[in-house]
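# Working through the structure, step by step
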Amino acid sequence: MTMEIDYTPATAAPLNRNLEGLDEGTLHHYAMHYAIYGTHSEDEYHQLVLDMRDIYSRGTIVDLVDYFCSSIAFPAYPWVQDTEQTLATYLNFAANYFRNQARTREEGMPNIPFFSLPKTASSFVNNILANGLDIPYTMISWHGIKAIKAWAEIFTKGPGVLHDHLHPENDNAVTLKASGLQRAILHVRDPRQMLLSLAHHSQADGGYWRMDSKLFGYNKINMSEHDLDYTIDLMLEDRHPKRCAKWLDDWHKLAPDVEIFVSRYEKLHAEPQAFLSEVVEFCGGDSQVQEKLAEYWKQNTEDQAHTGYNFRSGKVDEWKKVLLPRHLKLIEEQLDGTSLGKFYLA
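Summarised in this report is the structure supplied together with it. (Residues numbered from 1 in each chain as written. Predicted model: local features only at pLDDT ≥ 70, side-chain atom pairs only at ≥ 80, totals over all residues. Heavy atoms only, no water.)

Turning our attention to the nonpolar core. Membership of the largest hydrophobic core comes to 45 residues, with the highest contact counts inside it found for Phe115, Ile140, Ile232, Trp247, Trp251 and Leu340. Not counting residues within four places of it along the chain, the set of residues in contact with Phe115 comprises Ile140, Leu162, Asp164, Leu166, Leu181, Ala184, Ile185, Leu186, His187, Trp247 and Trp251. Of all hydrophobic cores here, the second largest spans 25 residues; its members include Phe114, Leu129, Tyr265 and Val280. (Core = buried A, V, L, I, M, F, W, Y, C linked by side-chain atoms within 4.5 Å. Buried < 20%, exposed > 50% of the residue type's maximum accessible area, 1.4 Å probe, protein only. Contact = heavy atoms within 4.5 Å.)

Attention now goes to unusual backbone geometry. With an omega of -10 degrees, the peptide bond between Gly158 and Pro159 qualifies as cis. When you line up the elements, Pro159 lands in the loop between helix 6 (149-157) and strand 6 (160-162). Within the chain, Lys119 stands out as a residue other than glycine whose phi angle is a positive 60 degrees. Checked against the element boundaries, Lys119 lands in the loop between strand 2 (114-116) and helix 5 (122-133). With a relative accessible area of 14%, Lys119 lands in the buried category. We note that Arg239 has phi near 60 degrees; this positive angle belongs to a residue other than glycine. Positionally, Arg239 belongs in the loop between helix 9 (228-237) and helix 10 (240-252). (Helix = DSSP H or I, 4+ residues; strand = E, 2+ residues; numbered from the N terminus.)

Now for the sheet that holds strand 7 (residues 183-188). Strand order in this open sheet of three strands is 2-7-10, and the pairing throughout is parallel. The strands lining the two open edges of the sheet, one partner per strand, are strand 2 and strand 10 (259-264). Direction aside, the axes of adjacent strands within the sheet are offset by 30 degrees on average. Pairing between strand 2 and strand 7: three bridges, direction parallel. (Pairing = 2+ DSSP bridges. Axes fitted to C-alpha atoms, helices over the stretch in contact; angles between N-to-C directions.)

Moving on to the pairing of strand 7. In terms of residue burial, strand 7 counts as a mostly covered element, since five of its six residues are buried. The pairing of strand 7 with strand 10 spans six bridges and is parallel. Bridge assignment links Arg183 to a residue of strand 10, and that residue is Glu259.

Let us now look at the pattern of salt bridges. Summed over the entire model, instances satisfying the criterion amount to 12 salt bridges. Across the salt bridge formed by Arg326 and Asp233, the nearest N and O atoms sit 2.9 Å from each other. Here Arg326 is found in helix 15 (residues 325-335), whereas its partner Asp233 is found in helix 9, with 93 residues between them in sequence. For Arg326, a relative accessible area of 42% puts it in the partly exposed group. The class of Asp233 is partly exposed, set by a relative accessible area of 28%. Residues Lys246 and Asp250 are paired through a salt bridge, measuring 2.6 Å at the closest nitrogen-oxygen approach. A residue pair is termed a helical-turn pair when its members lie 3 or 4 positions apart in one helix, as Lys246 and Asp250 do in helix 10 at four residues. The exposure class of Lys246 is partly exposed, given its relative accessible area of 39%. The class for Asp250 is buried, based on a relative accessible area of 7%. (Salt bridge = Lys/Arg side-chain N within 4 Å of Asp/Glu carboxyl O.)

These figures capture arrangement, not role.
In structure tokens, the structure reads:
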């Protein structure tokens, strides 16, 4: 029997979205997205749906993603906010990714594994690197929580650039090493300004993702009805600075298997071209690659404007006028003895 599946945006479920309240229709649409183009019969398709239901009953959403993406080796679609994402657009993205990966490999472009803490202008950096060097752009984790084996392996073949907040703890470290990852750029920012920036973002975005949900690893708390001090207090109660510090320290545990380079937002803010040159050089980009990126920077002033959904002000020391003594005391306590604390509080 020939399968007939509607691929239109009106019925196709978006990729990388929260599946809470999963129903039969959603199961079928996700099976379509992640697996239908790798099967050959209706029986195989329905078996995939059964497998999904079984995995979901025993595990979490990320188990579903890992299962299907590891079965069919396609790169991650990085624009997870695209709610009109369909199978057709995803397949087109994957085809272009592989095509550009092959082309830029011949051109000698570098592979740029750029991992960052949130609110560090990471989207801005990745856009400049991807557009300036004309290399494909992806991620290797499910919302920074779980490294997906297939996504990591595709990226490490290079060239490409990552935009990822992945925490390399537990199984993630195993997946990263097994993928052949040799280098990692860890992009950080003053934790005091980072906290303030995230607090503002949480209010504008309508919520703060708190680490207390069994399903997703996070639970979104509505912040739009609370003031800034309340939001900051909640983030400090949630030990956000300490978790950021642990992120950096856990990355350092991957050495010497993975060569580490720590980049800073403050250098990007003060000397953007020097910052970009250091990143490319660390990843093996020669002088021609660096010149190409520098020329792109000079000719594309609009890209330097730091605009877009994630951008607010780009300041480096606004925290001095906003954070209260009790905030600073808690931040210092949470960063005591950590690499991030030594960078910024010493």
